[in-house]
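Here is how the chains run, residue by residue.
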Amino acid sequence: MSDFLFNHLLDDAHQCPIIVNGVACQVPEQLNVAAALLYLGHLANRQHPVSGELRGSYCHAGFCFECLVAIDGQPNQRACLTQITPNMSINTALAGVN
């Protein structure tokens, strides 16, 4: 599912090391956190607190708050508004689930 339409545009991009749910990964350096998670195949970041429904990045503009993750130990950060940086640690609420 990570073979997205525009992945070929990122094939020659410089890679940036990040850690997602404790696993070291490499992603193109120009991505934000939400795009990096999608690039890695993480379609869901958390579960809805009432329904338990899986939730993932939706608007990619900072309005919907569906992309909340912990970044470098800070919970409830909007992934779509945060640019990745080298060795950034990202934890989804689904660590160990997806």
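Residues numbered from 1 in each chain as written. Predicted model: local features only at pLDDT ≥ 70, side-chain atom pairs only at ≥ 80, totals over all residues. Heavy atoms only, no water.

**Q** Outline the overall build of the chain, supporting the account with residue identities and numerical values.
**A** Assigned secondary structure in the chain consists of 1 helix and 7 strands. The secondary structure elements of the chain, listed N-terminal to C-terminal, are β-β-α-β-β-β-β-β. Looking at the chain as a whole, 36% of its 98 residues qualify as buried. Pairs at least 24 apart in sequence give 41% of the contacts found in the chain among residues at least 6 apart. On the chain, roughly 5900 Å² of surface is accessible, and the fraction owed to carbon and sulfur atoms is 55%. (Helix = DSSP H or I, 4+ residues; strand = E, 2+ residues; numbered from the N terminus. Buried < 20%, exposed > 50% of the residue type's maximum accessible area, 1.4 Å probe, protein only. Contact = heavy atoms within 4.5 Å. Areas by Shrake-Rupley, 256 points an atom, 1.4 Å probe, with all protein chains shown as cover.)

**Q** If you had to explain unusual backbone geometry to someone new, which residues and values would you point to?
**A** Phi is positive for Asn 76, which is not a glycine, with a value near 55 degrees. Note on placement: Asn 76 falls in strand β6 (residues 74-78). You will see that Asn 87, though not glycine, has its phi angle at about 65 degrees, which is positive. Among the secondary structure elements, Asn 87 is positioned in the loop between β6 and β7 (88-91).

**Q** Give me the lowdown on the pattern of salt bridges, citing residues and values where you can.
**A** Scanning all chains against the criterion turns up 3 salt bridges. For the salt bridge of Arg 55 with Glu 53, the shortest nitrogen-to-oxygen distance reads 3.0 Å. Classification of Glu 53 by relative accessible area gives partly exposed; the value is 45%. In this structure, Glu 66 engages Arg 55 in a salt bridge whose closest nitrogen and oxygen atoms are separated by 2.8 Å. Of the two residues, Glu 66 is situated in the loop between β4 (54-55) and β5 (68-71) and Arg 55 in strand β4; the sequence distance between them amounts to 11 residues. Accessibility expressed as a relative area gives 14% for Glu 66, which makes it buried. Because the salt bridges share partners, they merge into one network encompassing Arg 46, Glu 53, Arg 55 and Glu 66. (Salt bridge = Lys/Arg side-chain N within 4 Å of Asp/Glu carboxyl O.)

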